[in-house]
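In case you want the letters, here they are:
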Amino acid sequence: MLGEVASYLACLEPRSWPAGLAGVAAALLAGRARPGALARLALPGGLSIRFPASILRDVLRNVAHVYYYRDYEALAGFAPEPGWTVLDVGAFIGVYALRAASLVGPSGLVVAVEPLPSSYRLLELNVRANGLGNVRLVGAAVSDGWGSAELLVPGSPLNATLDPGYASAWGGAVGAVRVRTLPLDALIGPLGRVDLVKIDVEGLELRVVEGSALLRPGVVRRAVVEVHPPRVEARRVALALEGRGYEVSVLLPEEAPGQAFVYALERRPAAGPRGP
């Protein structure tokens, strides 16, 4: 069955992905996968993702999010390009990081950051299994400062968070682990110029944005921030980025009413006056 899953997505036309993904989920969750075994899912572009069947729902939701709906690339100019430097803050097991790495190519760089140890190990496995030498990994939680904190894990590891209120909104934490925290600037600073920062930190988005001095035009060319209203208001994140000089747009996906995506793009210099 796991071998069938590996080839199933590869033959799907993109328009059929939501129904197809649901079919794969139903088959595996019916108990036809060996407990504890790693499933391997083929992705577009010759990539693949490995994960335990116990988190299948999360992985398929994330795959549809990244590859079908393209929520991080809905606006023109946000799909990673060859040679770009991309910072993936909240990488989970690597679904977006793998795509970004394949798009930026060997001349580009992806820095993928994930705090939950179990997800980080899968992220590391997936980067290695796909032979991606242009990805650097950081095991930490991005917040507004240095230190350590309790990472709360609700029923879904995809929603691991430093925010107790956010964890409560997902039914409460079923586990917790102490992790190190660092500010966004600790990641941006060594990179110099960053082409794209993608932020998905499960309830801490505003703190991460407001805690960074380097998230600004001239250093970061563009950013896309996923937020989950009402815990974090897209409007507040948008205003914070707009106040730094970005052109800001907010995407409210019809298929995901509990999510919003704030896009921030470095303003282009105004054209000078034409000569006579």
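Structure first, text after, so check above.
The sections below set out a description of the structure shown in this document. (Residues numbered from 1 in each chain as written. Predicted model: local features only at pLDDT ≥ 70, side-chain atom pairs only at ≥ 80, totals over all residues. Heavy atoms only, no water.)

### Here we look at the pairing of strand S10 (residues 222-227)
Then, in step 1: Burial of S10 is extensive: six of the six residues sit out of reach of the surface.
Then, in step 2: Burial along S10 is two-sided: the face carrying Arg222, Val224 and Glu226 and the face carrying Ala223, Val225 and Val227 are both buried.
Then, in step 3: The pairing of strand S9 (residues 196-199) with S10 spans three bridges and is parallel. What sits directly across from Ile199, in S10, is Val225.
Then, in step 4: Regarding the hand of the β-α-β motif, the stretch spanning S9, helix H8 (residues 205-210) and S10 is right-handed.
Then, in step 5: As judged from the six bridges shared by S10 and strand S12 (residues 260-266), these two strands associate in the antiparallel manner. (Buried < 20%, exposed > 50% of the residue type's maximum accessible area, 1.4 Å probe, protein only. Helix = DSSP H or I, 4+ residues; strand = E, 2+ residues; numbered from the N terminus. Pairing = 2+ DSSP bridges. Right-handed = clockwise from strand over helix to strand, strands pointing away.)

### Things to note about the packing of aromatic side chains
Then, in step 1: Considering all chains together, one arrives at four aromatic pairs under this definition.
Then, in step 2: Seen in terms of ring centroids, Tyr68 and Tyr69 are 4.8 Å apart; in terms of plane orientation they differ by 85 degrees. Their pairing is edge-to-face.
Then, in step 3: With a relative accessible area of 27%, Tyr68 lands in the partly exposed category.
Then, in step 4: Residue Tyr69 is classed as partly exposed on the basis of its relative accessible area, which comes to 32%.
Then, in step 5: An angle of 70 degrees between the planes, with centres 5.2 Å apart, marks the rings of Tyr72 and Tyr96 as edge-to-face. With Tyr72 in the loop between helix H3 (56-68) and strand S3 (85-89) and Tyr96 in helix H4 (residues 95-104), this residue pair connects regions lying 24 residues apart in the sequence. For the pair Tyr72 and Tyr96, one class covers both residues: buried.
Then, in step 6: One aromatic cluster is present, built from ring pairs that chain together Tyr72, Tyr96 and Phe261. (Phe/Tyr/Trp six-rings, centres within 6.5 Å; stacked < 30°, edge-to-face > 60°.)

### A look at empty space enclosed by the protein
Then, in step 1: Under the counting rule described, the total for this entry stands at one cavity of 30 Å³ or more.
Then, in step 2: Estimated volume of the largest cavity: approximately 280 Å³.
Then, in step 3: The wall of the largest cavity is formed by 26 residues, among which Gly90, Glu114, Asp200, Val201 and Glu202 lie closest to the centre.
Then, in step 4: Where the lining of the largest cavity is concerned, the elements lending two or more residues are S3, H4 and strand S6 (141-143). (1 Å grid on protein atoms, 1.4 Å probe; cavity = no way out; pocket = protein on both sides within 12 Å on 5 of 7 lines; lining within 4 Å. Points joined across faces, edges and corners; volume = space filled by probe spheres on them.)

### Observations regarding the side chain of Thr85
Then, in step 1: Turning to its location among the elements, Thr85 is positioned in strand S3.
Then, in step 2: In this view, Thr85 contacts Leu109, Leu191, Arg193, Val194, Asp195 and Leu196; residues no more than four positions away in its chain are not counted. (Contact = heavy atoms within 4.5 Å.)

### A short note on the nonpolar core
Then, in step 1: Leu87, Leu184, Ile199 and Leu241 are the most contacted members of the largest nonpolar core, which totals 45 residues.
Then, in step 2: The element best represented in this core is helix H9 (residues 234-242), accounting for five residues.
Then, in step 3: Setting aside chain neighbours within four positions, we find Leu241 in contact with Val209, Leu215, Val225, Tyr246, Val248, Val262 and Ala264.
Then, in step 4: Core analysis: the next-biggest nonpolar cluster, separate from the first, contains 40 residues, Phe51, Val95, Val110 and Leu196 among them. (Core = buried A, V, L, I, M, F, W, Y, C linked by side-chain atoms within 4.5 Å.)

### Brief notes about the sheet that holds S12
Then, in step 1: Ordered in space as S5-S4-S3-S9-S10-S12-S11, the seven strands form an open sheet in which the pairing is mixed. Only two strands of the sheet have a single neighbouring strand rather than two, namely strand S5 (135-138) and strand S11 (246-251). Strand-to-strand, the axes of this sheet are offset by a mean angle of 15 degrees, without reference to chain direction. (Axes fitted to C-alpha atoms, helices over the stretch in contact; angles between N-to-C directions.)

### As for the environment of Val179
Then, in step 1: With respect to the helices and strands, the residue Val179 is situated in strand S8 (residues 175-183).
Then, in step 2: As for Val179 and Leu162, which are separated by 17 residues in sequence, their C-alpha atoms are 9.6 Å apart.
Then, in step 3: Leaving out residues up to four positions away in the same chain, Val179 has contacts with Pro115, Ala141, Gly147, Ser148, Ala149, Leu151 and Leu162.

Read these as geometric descriptors, not functional statements.
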